[in-house]
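Fold and contact review
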Amino acid sequence: MAEPQISKTYPVKPKHKPKPRTPKQTAESKYWSSFKTKQIPDLISSITSLTFSPTTPHSFAAAHSASLTLYNPQNKFSPTATISSFRDVVSSASFRCDGLLIAASDLSGLVQVFDVKTRTPLRKLRSHTRPARFVKYPVADKLHLVSGGDDAIVKYWDVSGETPICDLLGHKDYVRCGDCSPVSADMFITGSYDHTVKLWDVRVKDSGSVMEVNHGKPVEDVIFLPSGGLIATAGGDSVKIWDLMGGGKMVYSMESHNKTVTSICVGKLGKDVGEEAQQYRILSVALDGYMKVFDYAKMKVTHSMRFPAPLMSVGFSPDCLTRVIGTSNGTIYAGRRKNKEDFEGGSDEELERPLSKYERRQKKLKALSSGDAGGLGPVEEPQVRVLKPTNFRYFHRGQGEKPSEGEYLVMRPRKVKLGEHDKLLKKFRHKEALVSVLGSKNPENAVAVMEELVARKKLLKCVSNLDTEELGLLLMFLQKHSTVPSYSGLLMGLTKKVLEMRAEDIRASDDLKGHIRNLKRSVEEEIRIQQSLQEIQGIISPLLRITGRR
């Protein structure tokens with residue numbers, strides 16, 4: 001008599017368990033993750049400042065210890081020059097708008113101007129009585145500098161005469177940062193440890209600040225946003241945005257860092273067309289080792305990245321291809337995106353999609369026909385051979401083409417491949433299916449077969465019919481996987497039934513007793529782990545409640 005058959009059979013699969021929710025990576029996260037990070041190690045000390053040249057190739061200067069090192073991003077971040085003529089630790093640097101000169105300040109109170117190519121000091125500005133903390137070139141101004149330091153004085157310099165035009169008084173503590181307006185060469189802002197950020201205008205004769213905002217904590221960094229009407233300040237664990245056109249009103253406070261925010265800068269999404277074109281972001285780094293990307297148009301953090309050391313400085317190139325981050329242990333994490341010129345041209349979609357063999361050939365033929373081939377003049381495009389039914393490739397043509405949007409796809413049903421246990425289940429050989437899957441290395445298949453046998457009400461019958469060797473396989477499987485959370489719901493109940501049904505057989509065999517001892521040890525270990533986790537939960541829960549009330 002023929003064995004009964006099932007008309008249509010599918011491979012058994014374990015029941016779906018709830019999976020932890022993982023946030024899907026957004027397009028913007030993919031953009032910021034596309035910066036391939038390279039470490040520049042072995043610098044002398046903490047990277048206090050990172051600044052980019054406004055001209056191509058957009059080299060950047062890193063201030064570390066008593067040196068200022070220039071790097072070329074287009075040449076694998078190789079150092080191009082090192083300026084070491086400082087008497088103390090370099091605190092800040094700023095390129096001039098033409099990229100030919102760079103100004104740097106140090107903790108001796110000296111501000112120097114260097115020629116980028118020859119590295120010779122052209123001007124030495126001496127007036128600060130205490131360490132100078134920042135120096136800045138105004139936008140499109142080649143003749144003046146702004147600096148501030150621990151003497152709580154902001155100075156506006158005439159670089160050619162090496163003299164301060166005016167001393168701007170008003171801060172009551174160390175002046176640690178500043179930035180110049182992108183729309184006016186006469187306006188700039190400074191931040192101090194007296195918790196205030198002041199807006200200055202050198203055209204005002206009484207040398208007083210035009211506007212003042214209170215950050216609430218010592219200000220570590222301050223920047224103008226590209227519009228010129230908004231500023232961002234960093235201090236404590238927060239980054240705040242202020243509206244200067246609205247009278248110094250605070251627009252938003254971002255408090256996603258856990259430790260002091262040390263530096264901020266403006267970054268831009270490097271796409272020329274589409275919805276993401278010309279969208280600016282605020283990049284902030286902190287002592288907690290995180291870099292955050294903040295979209296101040298939508299007022300939310302759009303990306304976060306963790307580094308293995310406290311972060312001290314951050315910079316973003318004007319061409320949107322390079323992002324550099326300086327740490328407290330003397331390492332620079334430099335990230336570089338591939339430029340469109342690195343590819344062979346085309347739109348963003350074409351660059352992301354690999355070219356097919358036919359497209360590569362057509363592109364090569366087009367390049368040959370439009371240019372010279374060894375100086376012999378333009379080459380005519382050769383005739384492409386037409387495929388005929390006598391050619392084997394004729395029957396495979398078009399199989400690699402991808403459907404375009406709107407086309408109707410006729411799907412061919414795939415042939416279902418059944419495993420050994422599926423074939424045995426199909427023939428209703430339940431015990432053999434269970435034994436075959438117990439010896440495999442895939443526990444999911446074993447659990448799936450057990451669930452199928454439970455549905456058929458045959459699992460306990462199979463357990464009762466197992467011989468001593470097969471029962472050892474079952475006990476070994478239960479010992480390994482009964483404490484796994486995704487399988488424990490089924491396997492722990494099965495373990496109890498096996499011990500009740502086959503108690504006499506287990507007592508009669510030393511091998512089975514060994515399996516039972518191992519099973520007992522794994523269950524006891526799991527119980528100890530769960531008790532420890534409950535103790536930790538009891539400690540953390542009151543702290544979370546207190547934090548939630550705040």
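To be clear, the structure that these remarks concern was listed above.
Numbers given to residues run from 1 along each chain, matching the order in which its sequence is written. Residue-level local features of this predicted model are given only where pLDDT is at least 70; pairs of side-chain atoms are given and counted only at 80 or more, and the full residue set underlies all totals for whole chains, interfaces and linings. Think of the side-chain values as coming from all heavy atoms in the structure, minus any hydrogens and water.

Quick look at the side chain of Asp 150 now. Secondary structure follows DSSP: runs of H or I at least 4 residues long count as helices, runs of E at least 2 residues long count as strands, and numbering of each begins at the N terminus. Turning to its location among the elements, Asp 150 is positioned in the loop between strand E11 (144-149) and strand E12 (154-158). Here Asp 150 is in contact with Arg 130, Pro 131, Arg 133, Tyr 174, Val 175 and Arg 176, once residues within four sequence places are set aside. Any two residues whose heavy atoms approach within 4.5 Å are treated as being in contact.

What follows deals with the pattern of salt bridges. We define a salt bridge as a contact between a side-chain nitrogen of Lys or Arg and a carboxyl oxygen of Asp or Glu at a distance within 4 Å. Scanning all chains against the criterion turns up 17 salt bridges. In this structure, the salt-bridge partner of Asp 201 is Arg 203, at a minimum N-O distance of 3.0 Å. Accessibility expressed as a relative area gives 13% for Asp 201, which makes it buried. Notably, a salt bridge pairs Arg 429 with Glu 432, separated by 2.6 Å at the nearest N-O pair. Between buried and exposed lies partly exposed: a residue is buried under 20% and exposed over 50% of the maximum accessible area for its type, with that area taken using a 1.4 Å probe on protein chains only.

Before going further, it helps to spend a moment on the pairing of strand E15 (residues 187-192). E15 sits mainly inside the fold: 5 of its 6 residues count as buried. Relative to E15, strand E14 (residues 175-180) is paired through 5 bridges, and the arrangement is antiparallel. Note on E15: the bridge partner recorded for Cys 177 is Gly 191. Between any two strands, at least two bridges found by DSSP are needed for them to pair. Hairpin connection from E14 to E15: 6 residues lie between these consecutive antiparallel strands. Inspection of the sheet shows E15 paired to strand E16 (residues 196-201) by 5 bridges, in the antiparallel sense. Note on E16: the bridge partner recorded for Gly 191 is Val 197.

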